[in-house]
Amino acid sequence: MKISSFGQNFNQYSGITQLMNDLNDLNEGIRTPGTLMLGGGNPAAIPEIVDYFQQISEEMLQDGELISAMMNYDGPQGKNSFIKSLSLFLKKTYGWDISEKNITITNGSQSSFFYLFNLLAGKQPDGKKNKILLPLAPEYIGYADTGLDEDIFASYFPEIEILDNRQFKYHINFDELSVNDDICAICVSRPTNPTGNVLTDDEIHQLNKLARENNIPLIIDNAYGLPFPNIIFEEVAPFWNENTILCMSLSKLGLPGLRCGIIISSEEMTQVLTNLNGIVNLAPSSVGPAIANRILHRNELLHLSEDVIQPYYAEKAKFAVDLLLNSIPDPKFRVHKPQGAIFLWLWFDELPISSIELYQRLKARGVLVVPGEYFFFGQEVFPQHASQCLRLSYVQSEETMRKGIQMIAEEIANVYGAVLVPND
């Protein structure tokens, strides 16, 4: 079979495809029973959230709204009622200068970023090739292979702040950061997938200033952030202006299967995205926006995020960090300070093998994690640090976390050639 350049580009190995295949195999029971999924991006099945969506679905089924959403197309911009409700909510809550003309619905965040990156980056009409600037790598694995053209990212290695209790934190190195003529946008995730890092308000304002000075947009991936699902453990402010493209999602609210992404941008960008939606999808999915609109009308979105989701994940993160530090006493091991998202970022300094080999060893033992190499795309010089890190999901049960972390600890002790002696 002969395929186009487009087909060849997307027929290559992809880290995000492997990750999702692992997740699907586990969900479908394909893998050996007992496999511990500590690498995927599924949100936790929070009992109160599960009950809430059960109740609201039954309510919408009874009044016909759920069936209506399933049986009818929305417009290419997305469900009008949800877009109106969301714009009013954001304007009232944060004072943003926003209307229905600033919001586009997509079929999930991955679709959002495929649209945005290829609208802005790659080959231009004048033959020039533009790139997306990632000011802090490691960055989300799902971005890496989204470009219709190759090599559409330029990324920078962070400053590393060493903290107490064998923790550390990444910061943007603004002294090294530069915006060249080929940069068409700046993109960050906040909180960051994979590390759980949260850019400070000052870092966001500096990036905004840099974007405006260079007449390019600032893209913020807010899939885990404020105001929903609020999986964020730091006191920071939400951010948006007309030069910002803010991307949100219903996935980490607890609805990943509904594939609902939200892009808040300028009116001009909204129109472009709407046209693209019509061509590629006819219309985005209707069920997610219908459910989210019901939540907004019940005035329960902030309650769910602030009082249920955020405390649940904060407690889970603390448990996992304490367990890791107790189980892996080697001083060469550190954890990125958990500030948000649903992952922990593990750093094994002086690791004598690559994190890909460590991933393979753990996979053979029935523990699935994600190797750090996948998250450092766009680097001019690939950093050794990337081969010393793993991404770990902490949303599983305490029993699963104990088993998985114990296997990681044993494997790390073997790799370092040390005797495993847990702390008291």
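Residues numbered from 1 in each chain as written. Predicted model: local features only at pLDDT ≥ 70, side-chain atom pairs only at ≥ 80, totals over all residues. Heavy atoms only, no water.

Once that is clear, we can look at a negative patch on the surface. On the surface, a cluster of negative charge is made up of Glu48, Asp51, Glu306 and Asp307. Of all the elements in the fold, those that place two or more residues in the negative patch are α3 (47-62) and α10 (301-327). Along the chain, Glu48 falls in helix α3. For Glu48, a relative accessible area of 46% gives the class partly exposed. (Patch = residues over 30% accessible without salt bridge, like charges linked within 9 Å, V, L, I, M, F, W, Y side chains within 5 Å. Areas by Shrake-Rupley, 256 points an atom, 1.4 Å probe, with all protein chains shown as cover. Salt bridge = Lys/Arg side-chain N within 4 Å of Asp/Glu carboxyl O. Lys, Arg positive; Asp, Glu negative; His and termini not counted. Charge placed at Lys NZ, Arg CZ, Asp CG, Glu CD. Helix = DSSP H or I, 4+ residues; strand = E, 2+ residues; numbered from the N terminus. Buried < 20%, exposed > 50% of the residue type's maximum accessible area, 1.4 Å probe, protein only.)

Where burial is concerned, most of strand β10 (residues 244-249) is hidden: 6 out of the 6 residues are buried. Every second residue of β10 is oriented toward a common face, with Thr244, Leu246 and Met248 on one face and Ile245, Cys247 and Ser249 on the other, all of them buried. With 4 bridges connecting them, strand β9 (residues 218-221) and β10 associate as parallel partners. Within β10, the residue paired with Leu218 across the bridge is Thr244. As judged from the 4 bridges shared by β10 and strand β11 (residues 261-264), these two strands associate in the antiparallel manner. Note that in β11 the partner of Cys247 across the bridge is Ile263. (Pairing = 2+ DSSP bridges.)

The next point concerns the packing of helix α6 (residues 109-120) against helix α8 (residues 267-281). With their axes 11 Å apart at the nearest point, α6 and α8 run at an angle of 115 degrees to one another. Crossing handedness for the pair α6 and α8: right-handed. In this structure, α6 uses Tyr115, Leu116, Leu119 and Leu120 to contact α8, whose residues at the interface are Met269, Val272, Leu273, Leu276, Asn277, Val280 and Asn281. For the contact of α6 with α8, the per-class residue count stands at 9 nonpolar, 2 polar and no charged. (Axes fitted to C-alpha atoms, helices over the stretch in contact; angles between N-to-C directions. Left-handed = near helix turned anticlockwise from the far one by under 90°. Contact = heavy atoms within 4.5 Å. Nonpolar A, V, L, I, M, F, W, Y, C, P; charged D, E, K, R; others polar.)

What follows deals with the pairing of strand β7 (residues 167-171). Side-chain direction in a regular strand flips from residue to residue, so the side chains alternate between the two faces of the sheet. In terms of burial, β7 is largely enclosed, as 5 of its 5 residues are buried. Burial along β7 is two-sided: the face carrying Gln167, Lys169 and His171 and the face carrying Phe168 and Tyr170 are both buried. Inspection of the sheet shows strand β6 (residues 159-163) paired to β7 by 5 bridges, in the antiparallel sense. Each bridged residue has a counterpart across the sheet, and for Glu161 the counterpart in β7 is Lys169. With 2 bridges connecting them, β7 and strand β12 (residues 333-336) associate as parallel partners. Paired with Gln167 across the strands is Val335, a residue of β12.

Before going further, it helps to examine unusual backbone geometry. Residue Ala137 is joined to Pro138 through a cis peptide bond whose omega torsion reads 20 degrees. Tracing the backbone through its elements, the reader meets Pro138 in the loop between β4 (129-134) and β5 (153-155). A cis amide bond, omega -5 degrees, links Arg190 with the succeeding residue Pro191. Among the structural elements, Pro191 can be located in the loop between β8 (183-189) and α7 (201-213).

Here we take up the layout of surface pockets. There is about 340 Å³ of room inside the second largest pocket. What lines the second largest pocket is a set of 15 residues, and nearest its centre among them are Leu120, Pro217, Ser266, Glu268 and Met269. Contributing elements (two or more residues each) for the lining of the second largest pocket: α6, β8, β10 and α8. The leading source of residues in the lining of the second largest pocket is α8, at 3 residues. (1 Å grid on protein atoms, 1.4 Å probe; cavity = no way out; pocket = protein on both sides within 12 Å on 5 of 7 lines; lining within 4 Å. Points joined across faces, edges and corners; volume = space filled by probe spheres on them.)

Let us look at the nonpolar core. In terms of nonpolar packing, the biggest core is built from 128 residues, with Ile132, Ile219, Ile262, Phe348 and Ile408 touching the most fellow members. It is α10 that provides the largest number of residues to this core, a total of 11 residues. With near-sequence residues (within four places) excluded, Ile262 lies in contact with Phe82, Leu86, Ile103, Thr104, Ile105, Thr106, Phe228, Leu246, Cys247, Met248 and Leu250. (Core = buried A, V, L, I, M, F, W, Y, C linked by side-chain atoms within 4.5 Å.)

Our next topic: helix α5 (residues 80-94). Compared with an ideal rise of 1.5 Å per residue, which puts 15 residues at 21 Å, α5 spans 21 Å between its outermost C-alpha atoms and is within 8% of the ideal. Taken together, the buried positions of α5 are Phe82, Ile83, Ser85, Leu86, Ser87, Phe89 and Leu90. In this structure, the buried residues of α5 make contact with β2 (103-106), β11, α9 (287-297) and α10. Remark: Gly95 follows α5 within two positions and exhibits a positive phi of approximately 75 degrees. (Expected span 1.5 Å × (residues − 1).)

On to the pattern of salt bridges, then. One pass over the full model with this rule turns up 17 salt bridges. With its nearest N and O atoms 3.3 Å apart, the salt bridge here joins Asp151 to Lys131. Placement of the pair is Asp151 in the loop between β4 and β5 and Lys131 in strand β4, with a sequence separation of 20 residues. With a closest N to O distance of 3.2 Å, Lys403 and Glu399 form a salt bridge. Of the two residues, Lys403 and Glu399 are both situated in helix α12 (residues 398-416); the distance of 4 residues between them amounts to about one turn of the helix.

As a further point, take the confidence of the model for the protein. Taken residue by residue, the protein gives an average pLDDT of 92. The fraction at 70 or more is 91%. A low-confidence stretch, residues 26-30 (pLDDT under 50), is modelled with 5 contacts involving residues beyond four sequence positions or located in other chains. (pLDDT = per-residue confidence, 0-100.)

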